[in-house]
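# Structural features, examined
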Amino acid sequence: MKLQSKKGIALNQAFGAVLTLVLVAVLVIVAIFLFVNLGATFDAGTAELNATNTMITQFGTYPTLVGLVGTIIFLGLVIGVLVASFVFGGRGSRV
Amino acid sequence: MLKNKKGIALNQAFGAVLTLVLVAVLVIVGIILFVNLGATFTNLDTYGENNETLTAVTEVAQFVAQSPTNNATLCNYEDFAVLATNATGGETIPASNYTISSTAGSILSNAGSAYNNSDWNITYSGNWGGQSCVASDNMITQFATYPALIGLVGTIIFLGIVIGVLVASFVFGRRERF
């Protein structure tokens, strides 16, 4: 994503940023679903099944990280609007 | 583009609020998407336990250890099936003596049962949505925190509009376009 404002996120970038976040979130869920179904095809105790289960465990931690990214995006929006509105930095930025 | 750096100019208000509304709708659509996606994840994993002891089973429902009440990660829980035995005598308790909830993982003694208010051993099994369902629920939980942040952004926008109108109306700073 190309940030034009270095102080927070500009409001006109908000929709694209949140849309990207939603798409990434869906992708993580679909990936876990794929791993679960892939793992069901492997025999118990095999390296493939172990690797798949490890992958499911690792991807299972990503929803929390996606939530963190979203929180940072919205805080960036707050800062961006503040800077653009009240010139808290240099010349200010586009809203 | 902002030309007025003191607050948000009124002619930018509509665009700013419209963007906020679109972002808010997108968050809600995202949550709807995750809810519906999560609902499709059924029968992807199994649960079960042998001879779990429930103490003093009465006409009030008791939940087994692997039930959504006692383990919140067990989403899309279904097909709860049990075999109950008397913990004291070991004989099988006929199914007519109890009622189970297939989606809650609970069991209660029917009124008038000879086994009412006694300890039971429960062997049970069923299916649930697996890690895909857990990920969907976690994503819903994370996205559910965003409306409050969107509200904060909106508050800052409207305060900016107030400042912008005040500045433009009463010339609190340099000459600015309204």
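It should be emphasised that the depicted structure is a prediction, and the values quoted were computed from it without experimental measurement. (Residues numbered from 1 in each chain as written. Chains lettered and ligands numbered in written order. Predicted model: local features only at pLDDT ≥ 70, side-chain atom pairs only at ≥ 80, totals over all residues. Heavy atoms only, no water.)

Now for unusual backbone geometry. All names here are of chain B. One non-glycine residue, Asn 51, adopts positive backbone phi at about 50°. For Asn 51, the position within the fold is in strand E1 (residues 45-57). Notably, Asp 79 is not glycine yet its phi reads approximately 60°, a positive angle. (Helix = DSSP H or I, 4+ residues; strand = E, 2+ residues; numbered from the N terminus.)

Counting across every chain of the model gives eleven aromatic pairs over all chains. Ring centres of Phe 59 of chain A and Tyr 62 of chain A lie 4.7 Å apart, and the angle between their planes is 50°; this geometry places the pair in the tilted category. Accessibility expressed as a relative area gives 18% for Phe 59 of chain A, which makes it buried. When the ring of Phe 34 of chain B is compared with that of Phe 143 of chain B, the centres are 5.0 Å apart and the planes differ by 75°; the resulting orientation is edge-to-face. On the criterion of sequence distance, the pair formed by Phe 34 of chain B in helix H1 (residues 13-39) and Phe 143 of chain B in helix H2 (residues 130-143) is long-range, its members being 109 residues apart. By the burial criterion, Phe 34 of chain B is buried, and Phe 143 of chain B matches it. (Phe/Tyr/Trp six-rings, centres within 6.5 Å; stacked < 30°, edge-to-face > 60°. Buried < 20%, exposed > 50% of the residue type's maximum accessible area, 1.4 Å probe, protein only.)

Structurally, Val 29 of chain B can be placed in helix H1. Expressed as a C-alpha distance, the spacing of Val 29 of chain B and Pro 147 of chain B, which sit 118 residues apart in the sequence, is 12 Å.

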